[in-house]
Amino acid sequence: MVLHVYTIVHTLISLVGIFTGFVVLFGLLAAKRLDGWTKWFLITTVATSVTGFFFPFHGFTPAHGVGIISLLVLAVAIFARYPRHLVGHWRWIYVVGAVIALYFNVFVGIVQAFEKIPALKAIAPTQTEPPFKLTQLVALSLFVLLGIIAAIRFRPEPARAA
């Protein structure tokens, strides 16, 4: 029962992270800072990775690897965004980090969808079948393309003093 509730909370945090991440991504593409959305994207994406480590497990899994890498990427993105204020090369480092972090959330979301949704599980029961691989390849390709465009376009105005 507790694990079921924990899974729901983790899933909701993940979905909020993905939603806010797409808002932030479209902001990057439009050269908008979206400070409030960014704060919630970073908080929920960190929370997604952290809460993922508290599920019962036996040994190191690929999910742990993705979580560790995601937290490292997020640490760099947060450092670029806040202490370094997106100045100089920290602007594109932030953009790349934010896009990678969002991609990792979407990557895991696709994995979970193919595990949990009966129609998807039926067409790719072991996640080695072409529909799963193609879905992941399309997602990766879109994120690479959008990440490149965002890194080129995101030239935000400096934050205004409150």
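From a predicted model like this one, the values you see are computed outputs, not experimental measurements.

## Focus: the environment of F132
Piece 1. Relative to the elements of secondary structure, F132 occurs in helix 6 (residues 130–153).
Piece 2. Residue classification places F132 among the buried positions, given a relative accessible area of 9%.
Piece 3. Taking the C-alpha atoms as reference, F132 lies 32 Å from I78; in sequence the two are 54 residues apart.
Piece 4. Residue contacts for F132: discarding those within four places in its chain leaves I110, V111, F114, A124 and Q127.

## Comments concerning a nonpolar patch on the surface
Piece 1. Together, L134, L137, V138 and L142 make up an exposed nonpolar region whose accessible area comes to about 370 Å².
Piece 2. Mapped onto the secondary structure, V138 falls in helix 6.

## Topic: helix 6
Piece 1. Taking 1.5 Å per residue as the helical rise, helix 6 with its 24 residues ought to reach 34 Å, and the 34 Å between its terminal C-alpha atoms agrees with that figure.
Piece 2. Within helix 6, burial applies to F132, Q136, A139, F143, G147, A150 and A151.
Piece 3. Next to the buried residues of helix 6 lie helix 1 (2–29) and helix 4 (90–116).

## Brief notes about helix 3 (residues 62–81)
Piece 1. Its 20 residues place the ends of helix 3 28 Å apart at the C-alpha level, agreeing with the 28 Å of an ideal helix rising 1.5 Å per residue.
Piece 2. Along helix 3, the residues that are buried comprise H64, G65, V66, G67, S70, V73, L74, A77, A80 and R81.
Piece 3. On its buried face, helix 3 is in contact with helix 2 (35–52) and helix 4.

## Description of the packing of helix 4 against helix 6
Piece 1. Following both chains from N to C, one finds helix 4 and helix 6 inclined at 165 degrees, their axes separated by 10 Å at the closest point. Looking at the two axes, helix 4 sits roughly antiparallel to helix 6. Handedness of the crossing formed by helix 4 with helix 6: right-handed. Across from R91, V95, V99, L102, Y103, V106, F107, I110, V111 and F114 in helix 4, the residues of helix 6 making contact are P131, F132, T135, Q136, A139, L140, F143, G147, A150 and A151.
Piece 2. Of the residues assigned to the contact of helix 4 with helix 6, the class counts are 16 nonpolar, three polar and one charged.

## Regarding the pattern of salt bridges
Piece 1. What the rule picks out here adds up to three salt bridges.
Piece 2. A salt bridge links R81 to D35; the nearest nitrogen and oxygen atoms lie 2.2 Å apart. In this pair, R81 is assigned in helix 3 and D35 in helix 2, connecting sequence segments 46 residues apart.
Piece 3. We classify R81 as buried; its relative accessible area is 2%.
Piece 4. A salt bridge links K116 to E115; the shortest N-O distance between them is 3.5 Å.
Piece 5. Looking at K116, the relative accessible area reads 57%, which means it is exposed.
Piece 6. Among the charged side chains, a network of salt bridges with common partners joins R33, D35 and R81.

## So, the side chain of S70
Piece 1. Note that S70 resides in helix 3.
Piece 2. Judged by its relative accessible area of 2%, S70 falls in the buried class.
Piece 3. Setting aside residues no more than four positions away along its own chain, S70 makes contact with S49 and F104.

## Considering the nonpolar core
Piece 1. Within the largest apolar cluster, 32 residues are counted, with the highest numbers of intra-cluster contacts made by L28, F41, Y94 and V95.
Piece 2. Breaking this core down by element, the ones donating at least two residues are helix 1, helix 2, helix 3, helix 4 and helix 6.
Piece 3. When residues of this core are assigned to their parent elements, the largest contribution, 13 residues, is made by helix 4.
Piece 4. Not counting residues within four places of it along the chain, the set of residues in contact with V95 comprises L28, G147, A150, A151 and F154.

Rules and cut-offs
- Residues numbered from 1 in each chain as written.
- Predicted model: local features only at pLDDT ≥ 70, side-chain atom pairs only at ≥ 80, totals over all residues.
- Heavy atoms only, no water.
- Helix = DSSP H or I, 4+ residues; strand = E, 2+ residues; numbered from the N terminus.
- Buried < 20%, exposed > 50% of the residue type's maximum accessible area, 1.4 Å probe, protein only.
- Contact = heavy atoms within 4.5 Å.
- Patch = residues over 30% accessible without salt bridge, like charges linked within 9 Å, V, L, I, M, F, W, Y side chains within 5 Å.
- Areas by Shrake-Rupley, 256 points an atom, 1.4 Å probe, with all protein chains shown as cover.
- Salt bridge = Lys/Arg side-chain N within 4 Å of Asp/Glu carboxyl O.
- Expected span 1.5 Å × (residues − 1).
- Axes fitted to C-alpha atoms, helices over the stretch in contact; angles between N-to-C directions.
- Parallel < 35°, antiparallel > 145°, perpendicular 65-115°, else oblique.
- Left-handed = near helix turned anticlockwise from the far one by under 90°.
- Nonpolar A, V, L, I, M, F, W, Y, C, P; charged D, E, K, R; others polar.
- Core = buried A, V, L, I, M, F, W, Y, C linked by side-chain atoms within 4.5 Å.

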